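# Working through the structure, step by step
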Amino acid sequence: MLTAWTVSCQAPEESKTADPLASLASLEWIDLSYAFDSATLYWPNNPTGFELEAEAEGMTEGGYFYSSYSLSTPEHGGTHLDAPIHFSEKGQKLDELRLDQLTGAAVLIDVSELALVDRDYRIDTAAILAWEKENGQIPEHSIVLFRTGYGKFYPDREKYFGTAKMGLEAILELHFPGIHPEAAQFLAEKRKVNAVGLDTPSLDFGQSKDFAAHQVLMGHNIPGFENVANLDQLPASGFYVVALPMKIKGGSGGPLRVIAGVGRL
């Protein structure tokens, strides 16, 4: 992986002499993940949330401290990854995702100015092209992150989802931004991105009935990151993302620890 870093992120003449470990050490690493706890947000109709139960905690007869816990969580909640199988019958399962899909150079497209005034805003191709006009074309195999600004509401359910209700009746009252399916198609076919993420509960906007952005991206075996944290700390480009989920065999998604390295790549 370190060799790949040197080849992909440095000029050819630099790659012969640069120390990849020094390059990594020089980066500022930013945690883009929310902690999993009792406040973790899940889709309103999820019957359960995150649970951590102590199996052992305290001083032992041997005179030393010992603790061990069991955990339970739905696949999709908190900062997590949607594997392509989530919305594509022939899509990759969680344990089938390649590491190069989940690590690499990334860009941040900030649409918060529009999203924060329209809870039903859908990120369109025009927003992507406007970003490219200022920053250059998104390179192939990039990880694309969208900042809607809704991360500032997490974990306030009402402000984040648009409703404080739970259960099936809450689904009709969900209002938060997402990705327009045409923009998803553009990223998949014209920019050939590796992964897409954002700071909302879903790749699709809250009022979606068919989850079309999910269908498009996952139909191209592109995983999605949802409930991504701290996107306000990232630049428009020039950073590296590592997004490694729990490796659940056959899973459609799972808890995600995603970080970004900012600095000279």
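Look a little higher up for the structure.
Residue positions are given per chain, counted from 1 along the sequence in the order it is written. Whole-chain, interface and lining totals are the exception, using all residues; otherwise, since this is a predicted model, local features are given only for residues with pLDDT of at least 70 and side-chain atom pairs are given and counted only at 80 or more. Heavy atoms throughout the structure, all of them, feed into the side-chain values; hydrogens and water do not.

### Observations concerning the packing of aromatic side chains
Only Phe, Tyr and Trp rings take part, Trp by its six-membered ring, and two of them pair if their centres are within 6.5 Å. Stacked means planes under 30 degrees apart, edge-to-face means over 60, and tilted covers everything else. For the coordinates displayed, the defined rule picks out ten aromatic pairs. Centre to centre, the rings of Phe 87 and Phe 211 are 5.4 Å apart; their planes meet at 40°, and the pair counts as tilted. Here Phe 87, found in the loop between β4 (80-82) and α4 (99-102), pairs with Phe 211, found in the loop between β9 (195-198) and α10 (212-219); they are 124 residues apart in sequence, far enough to count as distant. Taken together, a centroid distance of 5.9 Å and an interplanar angle of 90° make the contact between Tyr 160 and Phe 161 edge-to-face. Ring pairs connect the aromatic residues Tyr 34, Trp 43, Phe 87, Tyr 154, Tyr 160, Phe 161, Phe 176 and Phe 211, which therefore count as one cluster. Cation over ring: Arg 122 sits above Phe 205, and NZ or CZ is 4.7 Å from the ring centre. Only DSSP runs of H or I reaching four residues or more are called helices, and only runs of E reaching two or more are called strands; each is numbered from the N terminus. Think of it as a cone above the ring: NZ of Lys or CZ of Arg counts as a charge over the ring if it is within 6 Å of the ring centre and within 35 degrees of the ring normal.

### A short note on helix α9 (residues 181-189)
Relative accessibility under 20% of the residue-type maximum defines a buried residue, over 50% an exposed one, and the middle range a partly exposed one, all with a 1.4 Å probe and only protein chains included. Turning to α9, its buried residues are Pro 181, Ala 183, Ala 184, Phe 186, Leu 187 and Ala 188. A contact between two residues is defined here by any heavy atoms of the two lying within 4.5 Å. Where α9 is buried, its residues touch β6 (122-123), α6 (125-135), β7 (143-147), β8 (178-179), β9 and α10.

### A closer look at the pattern of salt bridges
Any carboxyl oxygen of Asp or Glu that lies within 4 Å of a side-chain nitrogen of Lys or Arg is treated as forming a salt bridge with it. For the structure on display, the rule yields six salt bridges. Notably, a salt bridge pairs Asp 110 with Arg 147, separated by 2.9 Å at the nearest N-O pair. A residue pair is termed long-range when its members are at least 10 positions apart, and Asp 110 in strand β5 (residues 103-110) and Arg 147 in strand β7 qualify at 37 residues. On the accessibility criterion, Arg 147 (21% relative accessible area) is partly exposed.

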